[in-house]
Structure formats: structure tokens, C-alpha cells
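# Structural overview
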Amino acid sequence: MKYLFLFCIGVLMSCNAQNSIYNNLKEAPVNGGLQMDDYWVWGSSVIKADDGKYHMYASRWPNYLPFHPGWMVASEIVHAISNTPEGPYQFEDVALGNRGAQFWDGRSCHNPKIVKYKDTYILYYMGSTHPFEDVTPNNVNEFGLGTKWSIAARWRKRVGIATSKSPYGPWKRLDTPILDVKPDSYYSFLTSNPSPLIKEDGSVVLLFKGRSYREDGIKHSDMCIGVATAPSFDGEYTVVGTNPLFSMEHLGEVEDPHLWSDDDGFHLVAKDQRGLITGGKGDGLLAHSNDGIHWEVDKNPRAYTKTVKWNDGKTIKQGQLERPFVLTENGKPTHIFFATMDGPGGFGNGTKTWNMVIPLDK
């Protein structure tokens, strides 16, 4: 396939020698972003609305649940507001919450990405459900990654959208996902982690995470990143080709892709899961494209590391640094947002999470 060839060439070449993210990271405000008492907070996406305010959509779930896999069964997408990109953001409402096990996204809504086309706000997200009782403080000791709740919720993960004419909602949700699984494909097990890019003509490029069933039937595959297209946000989404853009077999395993466009073209930032591209496990990588479908890894691909300089003078290696999101204004990247966790690293070793932001030199 042509796009796979271009991707391989991109490991060695780049049309832009300068790294637009890593070289421009400033100090992170200690009180920026979003924190919420009694909740794990994760994965934000921000848009400046017509009211001049910055609207953040983020995932949260009760912290009586273990961080992982609590998000699989109880995540909801919340809406928070700030007068500045840095924040702090103040909780406004629940945009997408539990609506019943009978819906494809009835139990968990996660990984939001907010975009706007003309007069419509489109919220892309991952949804899931399961047929069992709720996990509560009374039965949480029975809950874990290998239990019935998590097994069902994981393989039910799908990508969908909700729409509204206002950033405040109400949000219209669909009865079916926009990107389902496909047998005998790299996304036969699940689809998740959507990242859309809506072009000027209204057509959509959508990156997503997929996993497949393994031949032994015992476990799912490693993560793959694929690309789908649609003629419009409410049109039919079609996966491009049969091979993923990133996988353990091609370039390396990555997660959390985010797309944006600016005056220099189309860009992608993602977490290099194993460090096979950037050389650092969990570091960010950058790629670029002319059309959003055919991608080249940047010549200087490292976008960030887990080590963060804060505006109180401290430099800290974060326990986790995930879900990168780049905010652009007037055709230039201005801020990069992350979900982060304290502690030494590992989802089971942190005591709190929040969504942080780092301003970029313009």
C-alpha cells in the first residue's frame, strides 16, 4: 500500500526539521487544567466556543474504583469551563453519562475529542456496556481486570459520536457506534481512542485504536492504530486499507493518537508505548501528513517526555503522562494537554490523577 511505503520513508525523512512541540514546551502551571475531588480524572479535549470561553471535555469515574479497569465500567464525560486555556477549569455538567446497559455506550463513555463543524459541536468518544450489576463500594472488592465486568466491557468498546448546537448541550447520542469491529481484521476485538480531523469540505479523517482476537483465542492482540474516513461527520465511516498505520509489526506500538491541522499542514502526536520510534518508552512522537491519510514520522519525532517542568520551580517525572491533546488558535499550536498521574509509574501505583496543560512558545 502506498501509505505504508510513505510511512516507512517518513522514519528517515521529514519536511520540517524543527519539532513544533518539544522545542516549544514552557513551564506547566501547577494549578492549571482540571482536578476533581473523589474522582479519577483523565483524557481532556478543549475547544474555544462562541462565548469566548474554553470548554474542556474529560473522563472521570469514582475513585473508590481502582483506576484500571474502573474506567471500563463507570467512566462518564464531563464538561468544564475556563476563561483561559491554562485554567483552572471548573466543572459545569455531565455531558455523557450512564444511560443503561441496553445501549452500546450505556455503562462507560471515555476518551472524548471535541470538534466543531459549522454550527455543530461533535463529541467523539469510546463507549461500552456490560449486562451485570453496578460495581459499588459494597462489591468493589470483587471487581478487577479479570472479572466478568471488565471482560465484557473491554470487548464491547466501540467508537461513537454525540452532537449538539451548543457546547453546553444537550447532546444527541446515536443508537449505534460509527466504527464497529470487523472479523478477521486488526480491529476484530474492539475499536477505541478516536481522534478526528474535519477538513474544510466537511469530510473526516479518523484515527482509532484497534485490537484483534488472537488465533489461540486466549487473549487480544497488542494495540494497532488505523485510519478511517467519512464524507461528513454524520456519514458512513470506512477503514482505509487492511493494514494499520502503527503496530508491533510496523514501526512500533503506539497509543492515544491526536490529530490537528495548522498553517503547516496535518500533524499527529501519540504515545510511543514501547519506545521503538522515539527511543523512550512512553514518550510522545510526532508525524505529519499532506492529506491526513498518508503519514510520515517527523525527522525529530520526540514530542515530549514524562519529565515536566512546573511553574513552582520543580521538575518531576510524572508517574503517567497520557492522552496528549494539542490546542490550536489562529493556525498555530498554543497548548498541549495531558492526563497525568502521580507516583513512581504504573496505573496501580498512583494516588491521584488530573488533566494538566503546558503552554507552547508561539
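Reading the values: rules and limits
- Residues numbered from 1 in each chain as written.
- Predicted model: local features only at pLDDT ≥ 70, side-chain atom pairs only at ≥ 80, totals over all residues.
- Heavy atoms only, no water.
- Salt bridge = Lys/Arg side-chain N within 4 Å of Asp/Glu carboxyl O.
- Helix = DSSP H or I, 4+ residues; strand = E, 2+ residues; numbered from the N terminus.
- Buried < 20%, exposed > 50% of the residue type's maximum accessible area, 1.4 Å probe, protein only.
- Patch = residues over 30% accessible without salt bridge, like charges linked within 9 Å, V, L, I, M, F, W, Y side chains within 5 Å.
- Areas by Shrake-Rupley, 256 points an atom, 1.4 Å probe, with all protein chains shown as cover.
- Core = buried A, V, L, I, M, F, W, Y, C linked by side-chain atoms within 4.5 Å.
- Contact = heavy atoms within 4.5 Å.
- Phe/Tyr/Trp six-rings, centres within 6.5 Å; stacked < 30°, edge-to-face > 60°.
- Axes fitted to C-alpha atoms, helices over the stretch in contact; angles between N-to-C directions.
- Left-handed = near helix turned anticlockwise from the far one by under 90°.
- Nonpolar A, V, L, I, M, F, W, Y, C, P; charged D, E, K, R; others polar.

### Quick look at the pattern of salt bridges
Counted by the stated rule, this structure contains 17 salt bridges. Across the salt bridge formed by lysine 116 and aspartate 50, the nearest N and O atoms sit 3.0 Å from each other. Taken together, the residues span a long stretch of sequence, with lysine 116 in strand S5 (residues 108-117) and aspartate 50 in the loop between strand S1 (39-48) and strand S2 (54-62) at a distance of 66 residues. Exposure remark for lysine 116: the relative accessible area of 30% places this residue in the partly exposed category. Here aspartate 50 falls in the exposed class, since its relative accessible area comes to 69%. Its salt-bridge partner being arginine 323, residue aspartate 256 comes within 3.2 Å of it at the nearest N-O pair. Residue aspartate 256 is located in strand S13 (residues 254-262), and its partner arginine 323 is located in strand S19 (residues 320-329); the two are separated by 67 residues in the primary sequence. With a relative accessible area of 5%, arginine 323 lands in the buried category.

### Structural notes on a nonpolar patch on the surface
A contiguous nonpolar surface patch, about 320 Å² in accessible area, is contributed by Ile151, Trp155 and Tyr213. Along the chain, isoleucine 151 falls in helix H3 (residues 148-155).

### A few points about helix H2 (residues 67-74)
With six of eight residues buried, H2 lies mostly within the body of the structure. Taken together, the buried positions of H2 are occupied by Phe67, Pro69, Gly70, Trp71, Met72 and Val73.

### Considering the nonpolar core
Counting 20 residues, the largest nonpolar core has Ile122, Tyr124, Ile178, Leu179, Phe233 and Tyr237 as the members making the most contacts within it. Of all elements in the fold, only S5, strand S6 (120-128), strand S7 (158-164), strand S10 (204-211) and strand S11 (224-230) reach the threshold of two or more residues within this core. If sequence neighbours within four positions are ignored, phenylalanine 233 has contacts with Tyr117, Thr120, Ile122, Tyr124, Ile161, Thr163, Ile198, Gly202 and Val204. Core analysis: the next-biggest nonpolar cluster, separate from the first, contains 18 residues, Leu245, Leu259, Ala287 and Val297 among them.

### Concerning the packing of aromatic side chains
One pass over the full model with this rule turns up 17 aromatic pairs. With a centroid separation of 6.2 Å and an interplanar angle of 15 degrees, the aromatic rings of tyrosine 186 and phenylalanine 208 are classed as stacked. On the criterion of sequence distance, the pair formed by tyrosine 186 in the loop between strand S8 (172-173) and strand S9 (190-198) and phenylalanine 208 in strand S10 is long-range, its members being 22 residues apart. Here tyrosine 186 matches phenylalanine 208 in class, with each residue buried.

### Things to note about the packing of H2 against H3
At their nearest, the axes of H2 and H3 sit 9 Å apart, and the two run at 65 degrees to each other. For the pair H2 and H3, the crossing hand works out as left-handed. Between H2 and H3, the residues in contact are His68, Pro69, Met72 and Val73 and Trp149, Ser150, Ala153 and Arg154, respectively. Considering only residue class, the contact of H2 with H3 consists of five nonpolar, two polar and one charged.

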